[in-house]
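An overview of the molecular structure
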Amino acid sequence: MAKKSGSLKSTLAVSLNNYLDAGAIVAGSSGITLWQNYLGLSEMHLGWLNALSANALGAAIGAIIGGFLADKFGRKFIFTYNLLVYMLGVLIVMFSFSYPMLLAGFLITGISVGVGVPASWTYISESSEVGNRGRNICISQMSWGLGPMFILFFGMLLAPGGVLYGPVESLAHAIIGADAAQAAVEVFSSRVVFLTLFIVAFIAWTLQRQLEESKEYTAQKAVDKSGIVDNIKMLFTNKIAVRTVAFLAAIYLSWNLVASVMGFFMPHIYETAGGLSNETANMLSCVSWVFVVVTTFIISFFVDKVAHRFFYVFGLVAALTAWLLIIGGGVQTIGGIWLFTILWGINNGSSVQIFYALWGSELFPAKFRAGAQGLMFFIVRGLSALWGLIFTFIYGENGEGFTLAAYCMIALLAVSLVVGLLGMPNTRGRSLDDIVKERYGENF
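Since this is a predicted model, take the numbers as computed values, not measurements. Here, residues in each chain are numbered from 1, in the same order as that chain's written sequence. For a predicted model such as this one, the threshold for reporting local features is a pLDDT of at least 70, and the threshold for listing and counting side-chain atom pairs is 80 or more; totals across whole chains, interfaces and linings nevertheless cover every residue. The side-chain values count all of the structure's non-hydrogen atoms but skip hydrogen atoms and water molecules.

1. Notes on the overall build of the protein
Only DSSP runs of H or I reaching four residues or more are called helices, and only runs of E reaching two or more are called strands; each is numbered from the N terminus. Each helix and strand counted, the protein has 20 helices and 0 strands in total. Every radius of gyration here is taken over C-alpha atoms, with the globule rule written as 2.2 Å times N^0.38, N being the number of residues. The globule rule puts the C-alpha radius of gyration for 444 residues at 22 Å, and the 21 Å found for the protein is close to it. Along the three orthogonal principal directions, the C-alpha set of the protein runs to about 70 × 45 × 40 Å. Here the protein, with 444 residues, has 62% of them falling under the buried criterion. Only protein chains enter the accessibility calculation, which uses a 1.4 Å probe; a residue whose area is less than 20% of its type maximum is buried, one above 50% is exposed, and one in between is partly exposed.

Now the structure itself:
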């Protein structure tokens, strides 16, 4: 029983990284129109912010570095130092007064997010009991939902016209002067939202520094002294590992190309294509994340008992239904937007990301488990960066390409569904050691 309690405690501490990952993405998106007005940014500028942020290339760069560092120096090594970089990035965003400075803050924060993700999912799986591994990954996913939910809630309250905008306006005038431009005053609501991420990051860093190293990692390093280069060679030459990377990258990439756009541009889409105010857009996005958390919470009780296939299909069917309904003109009606919001939230609550995180930490040996995840995360978030730029062209300045963009989303989600069903592994209820020996033999 003590082990079970310890597993849950460490999972909660590490899961704060997911809060900070999704929180950084949504903190940028919730205030992106405010930054656009303040700095006079074009849609292309917004595309680059998305491309270099925690949503895409910034995280991609960090992941491939952090994954192999976690395999070489340990999971705890990442937890000890990485969030200091995150806090630096957030501070730069908070005090930005130019586009290059804002871009640098997004990039540094994104790199830190990427460094932390492989170590986090690996640590959770390695520290979990066989019967709780799926549950603990779901807890991590819930944190990924709670981040945007709270960030969007704060964004809604602090946005121009929001309940707490008055104090924000007073703070802005006190700092930049009573005669400051309105756009410069309004963007302070986004600065305060990023301040909340800094506070959570400090708390997470304090908790994670107290964690013990993964016992599986310690046992592996006691008998295997291979270095980063050796692990990279092994990952790229072992046929089982290569096929596994291809499968997991395919299901995660096709789903994440949709999710990354929604994570960064969802409020912006509501404002441009749907004609909603910034406050209402943030409110609806917040509601979507409420459904993420509730759905994942329910699934966490069953994911270790029910076939993974059921939940995988359930989430993607909800996503496909959402986009099919919205194509029929739903984005132009408040009822259609509400239905889309709910269905997309259900999809994220039973998302491909849950199973990517679960299978990604189950299907590789400990010696390059985090490195493999870092490589896949690099591929997925890197291509998501490119897609974010392409999306801005498809979508247009004022949402005139929304329907074409929606058809692209449907095609990508369908790919994730089909590939996932064809290649889905059978790992439920089995130990990591058992899974690795079956796939790679006794030498791993």
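The rest of the description comes next.
2. Notes on the pattern of salt bridges
Salt bridges are defined as contacts in which a side-chain nitrogen from Lys or Arg sits within 4 Å of a carboxyl oxygen from Asp or Glu. Enumeration according to the criterion identifies 10 salt bridges in this entry. When the shortest N-O distance is used, the salt bridge between aspartate 21 and arginine 381 registers 3.7 Å. Of this pair, aspartate 21 sits in helix H1 (residues 2–30) while arginine 381 sits in helix H18 (residues 369–395); the two residues are 360 residues apart in sequence, bridging distant segments of the chain. Exposure class is identical for aspartate 21 and arginine 381. Each is buried. For lysine 437, the salt bridge identified is with aspartate 433, shortest N-O distance 3.2 Å. Taken as a pair, lysine 437 and aspartate 433 lie in helix H20 (residues 432–440) at a separation of 4 residues, close to a single helical turn. Given a relative accessible area of 34%, lysine 437 falls into the partly exposed group. Through salt bridges that share partners, Asp71, Arg75, Glu126, Glu216 and Arg369 make up one connected network.

3. So, helix H4 (residues 57–73)
Helix length check: H4 (17 residues) gives 24 Å between terminal C-alpha atoms against 24 Å at 1.5 Å per residue, within 8%. Residues of H4 that are buried: Gly58, Ala59, Ala60, Gly62, Ala63, Gly66, Gly67, Phe68, Ala70 and Asp71. By definition in these notes, contact holds between two residues if any of their heavy atoms fall within 4.5 Å. Buried residues in H4 make contact with helix H3 (43–51), helix H5 (75–94), helix H6 (99–127), helix H11 (215–223), helix H12 (228–237) and H18. In this scheme, a helix's expected span is set at 1.5 Å multiplied by one less than its residue total.

4. Structural notes on the confidence of the model for the protein
When pLDDT is averaged along the protein, the result is 88, and 95% of the positions lie at 70 or above. Known as pLDDT, the predictor's per-residue confidence is scaled from 0 to 100. Confidence, expressed as mean pLDDT per element, reaches its minimum in the protein at H1 with 80 and its maximum at H5 with 96.

5. Describing a nonpolar patch on the surface
Side chains of Val290, Val294, Phe297, Ile298, Phe301 and Phe302 sit close together on the surface and give an oily, nonpolar patch of about 530 Å² of accessible area. Residue placement: phenylalanine 297 occurs in helix H14 (residues 278–300). By relative accessible area, phenylalanine 297 is classed as partly exposed at 42%. Like-charged residues are merged into a patch within 9 Å and nonpolar side chains (Val, Leu, Ile, Met, Phe, Trp, Tyr) within 5 Å, provided each residue has over 30% relative accessible area and no salt bridge. The Shrake-Rupley method, run with a 1.4 Å probe, gives the accessible areas here. Residue values count only the displayed protein chains as cover.

6. Thoughts on the packing of H18 against helix H19 (residues 402–423)
The N-to-C vectors of H18 and H19 enclose an angle of 140°; their axes lie 8 Å apart at closest approach. The angle between H18 and H19 falls in the class oblique. Together, Trp387, Phe391, Ile394 and Tyr395 of H18 and Phe402, Leu404, Ala405, Cys408, Met409 and Leu412 of H19 make up the contact between the two elements. In terms of residue class, the contact of H18 with H19 is built from 10 nonpolar, no polar and no charged. The angle between two axes is taken between their N-to-C directions and runs from 0 to 180 degrees, where each axis is a line fitted to C-alpha atoms and a helix contributes only its stretch in contact. Here the angle decides the label: under 35 degrees means roughly parallel, over 145 means roughly antiparallel, 65 to 115 means roughly perpendicular, and every other value means oblique. Ten residues, namely Ala, Val, Leu, Ile, Met, Phe, Trp, Tyr, Cys and Pro, are considered nonpolar, four, namely Asp, Glu, Lys and Arg, are considered charged, and the remaining ones, Gly among them, are considered polar.

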